[in-house]
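# Architecture and fold: a report
So the chains spell out like this:
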Amino acid sequence: MAEQFQVTETPSEVDTEPTSPFLRACRGLPAERTPVWLLRQAGRYMPEYRALRAQHSMLEVIRTPELAAQVTLMPVDAFGVDAAIVFSDILPPLVGMGLELDFVKGDGPKIGNPIASPRDVDLLGTPPAEETMSGTLGAIMLVRRELESRDVPVIGFAGAPFTLASYAIEGGTSKDFSKTKAFMLSEPAAWKRLLTKLATVQADYLLAQARAGAQALQVFDSWAGRALGREDYLRYVAPVNRDLYAAVARAGVPVINFSLGVNAYLVEAAACGGDVIGLDWQLPLDEAWAQLGHERPVQGNLDPASLLAPWRELRARVDDVLQRAAGRPGHVFNVGHGLVPQTPVDNVRRLVERVQERTSR
Ligand code: CP3
């Protein structure tokens, strides 16, 4: 199967100007409308997704290219979003490194053998993504083939080192990251080796996704900003994030740096790298964008809880984000974190319609 991953020569994509609103916005170019897609756009709020998950486990869906591709396309077909994010998760790449992963119903992801000592770090492997993540790479190829004629780009993604380390050490989702921070502060050398290994594996995986056909890449750093103050972020996280973004820049496709909760050090987090900065909902979009400088494209900002509100309230909040973006090129409409399972499907449909109608030029 390996030779199939060579279908796309990434350098040729850099040379030609993209036509899709999403890829144009990622490069700061004017577009026919403001593109819109949503974090967790394929998920449990969709009845089609729940029906498929009743038949297959989460890992089975992720590892079967046809199933993952089918889920990836669900929100594109249902709502006409302007980009497709491949259906997977940030945690499966940990399995190839030697960690045991399971998604437990109602309880989120669990690691069966969490890291507890420097020796555990040294036992982690760094195998190539083509060997360990062939299901997701295959799904990207299938989705790309399906969406090429519709000019809807495919986004690949990976987790950032701190966020992955937190799952590897805590064994699951954490509220206070106490084990992670205890390890970071007690074993700084092993911490550095752990983050470096994670960055190596994610960089290789992101580059493989671009070779498989991903036209943009998003790095999710969901928890570093929630866990760490600025000085610890700069000391324990930023150097390895910089290395990761530098390595991934070679993919030749736009890279989105989504770092949740970093508003106390937004500029420093953005300085780690990435072409587009993903914004959560803590700062109004215009303030965050002014801090970053308007030449840097931005994505996100709508509080995902807005989709739990009645349409009148949701509409006002959508319009507010659009107004703050002021029609500038380089704005990708999105939520500031993933849609929750209780999200009404109708609100997703109306949101996408609203953004596309209001911004068509
Ligand atoms: O549509 C998409 O956005 C693509 C798919 C996607 C998933 N996870 C599917 C998923 C993406 C991009 C992710 C990223 C991810 N996964 C992150 C970073 C983004 C963020 O939300 O901060 C993180 C931290 C994870 C880890 C993870 N996976 C958690 C905490 C959970 C449990 C919480 C929950 O929502 O259930 C998962 C499981 C998961 N990943 C589901 C989905 C659709 C639910 C699985 C199910 O069907 O039961």
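The structure this text deals with has already been given above.
These remarks concern the structure in this document.

Each value, and the rule that gives it
Residues numbered from 1 in each chain as written. Predicted model: local features only at pLDDT ≥ 70, side-chain atom pairs only at ≥ 80, totals over all residues. Heavy atoms only, no water. Helix = DSSP H or I, 4+ residues; strand = E, 2+ residues; numbered from the N terminus. Buried < 20%, exposed > 50% of the residue type's maximum accessible area, 1.4 Å probe, protein only. Polar contact = N/O pair within 3.5 Å; in protein donor to acceptor, adjacent residues only side chain to side chain. Contact = heavy atoms within 4.5 Å. Near = heavy atom within 4 Å. Nonpolar A, V, L, I, M, F, W, Y, C, P; charged D, E, K, R; others polar. Phe/Tyr/Trp six-rings, centres within 6.5 Å; stacked < 30°, edge-to-face > 60°. Lys NZ or Arg CZ within 6 Å of the ring centre and 35° of its normal. Salt bridge = Lys/Arg side-chain N within 4 Å of Asp/Glu carboxyl O.

## Here's the deal with unusual backbone geometry
Located in the positive-phi region is Arg-40, a residue other than glycine, with phi close to 60°. Along the polypeptide, Arg-40 turns up in the loop between α2 (21–26) and α3 (47–55). What makes Arg-40 exposed here is its relative accessible area of 52%. Despite not being glycine, Asn-301 shows a phi value in the positive range, around 100°. Residue position: Asn-301 is located in strand β8 (residues 298–302). Residue class for Asn-301 comes out buried when judged on its relative accessible area of 7%.

## Details of the side chain of Asp-280
With respect to the helices and strands, the residue Asp-280 is situated in the loop between β7 (276–279) and α17 (285–292). Polar side-chain contacts of Asp-280 include one of 2.9 Å to the side chain of Asn-263. At a separation of 3.0 Å, a polar atom in the side chain of Asp-280 contacts the main-chain amide nitrogen of Gln-282. With sequence-adjacent residues up to four places away left out, Asp-280 is seen in contact with Leu-260, Gly-261, Val-262, Asn-263, Asn-301 and Gly-336.

## Side note on the site of the ligand
If you check the shell around the ligand, you find 24 residues, and the closest are Arg-44, Tyr-49, Asp-89, Ser-222 and His-337. Here an oxygen atom of the ligand and a backbone polar atom of Gln-41 are 3.2 Å apart. The set of elements that each furnish at least two residues to the shell around the ligand consists of α3 and β3 (108–111). Tallied by class, residues from the shell around the ligand come to 14 nonpolar, six polar and four charged.

## A closer look at the packing of aromatic side chains
A full pass over the atoms with the stated rule returns eight aromatic pairs. Between the aromatic rings of Phe-162 and Trp-191, the centroid separation amounts to 5.8 Å while the plane-to-plane angle is 65°, which identifies the pairing as edge-to-face. In this pair, Phe-162 is assigned in helix α10 (residues 161–170) and Trp-191 in helix α12 (residues 188–212), connecting sequence segments 29 residues apart. A single burial state applies to Phe-162 and to Trp-191, both of which are buried. Between Tyr-233 and Tyr-265 the ring centres are 4.8 Å apart and the planes differ by 35°, which places this aromatic pair in the tilted class. Pair noted here: Tyr-233 is in helix α14 (residues 230–236) and Tyr-265 is in the loop between β6 (255–259) and α16 (266–271), with a separation of 32 residues, a long-range link. These aromatic residues form a ring-pair network of at least three members: Phe-162, Phe-177, Trp-191 and Trp-223. Seen from the ring of Trp-289, Arg-328 lies directly overhead, with NZ or CZ sitting 5.9 Å from the centre.

## Comments concerning the pattern of salt bridges
Side chains that differ in sign of charge can pair as their charged atoms come close. Following the criterion strictly, the structure yields 16 salt bridges and no others. Arg-33 is the partner of Asp-82 in a salt bridge, and the nearest nitrogen-oxygen pair spans 2.5 Å. Taken together, the residues Asp-82 in the loop between α5 (65–79) and β1 (84–85) and Arg-33 in the loop between α2 and α3 connect sequence positions 49 residues apart. The same class applies to Asp-82 as to Arg-33, namely buried. In this structure, Arg-211 and Glu-130 form a salt bridge, with 3.2 Å as the shortest nitrogen-oxygen distance. Separated by 81 residues along the polypeptide, Arg-211 in helix α12 and Glu-130 in helix α8 (residues 129–132) bring together distant segments of the chain. What makes Glu-130 partly exposed here is its relative accessible area of 22%. Members of the salt-bridge network, linked through shared partners, are Glu-32, Arg-33 and Asp-82.

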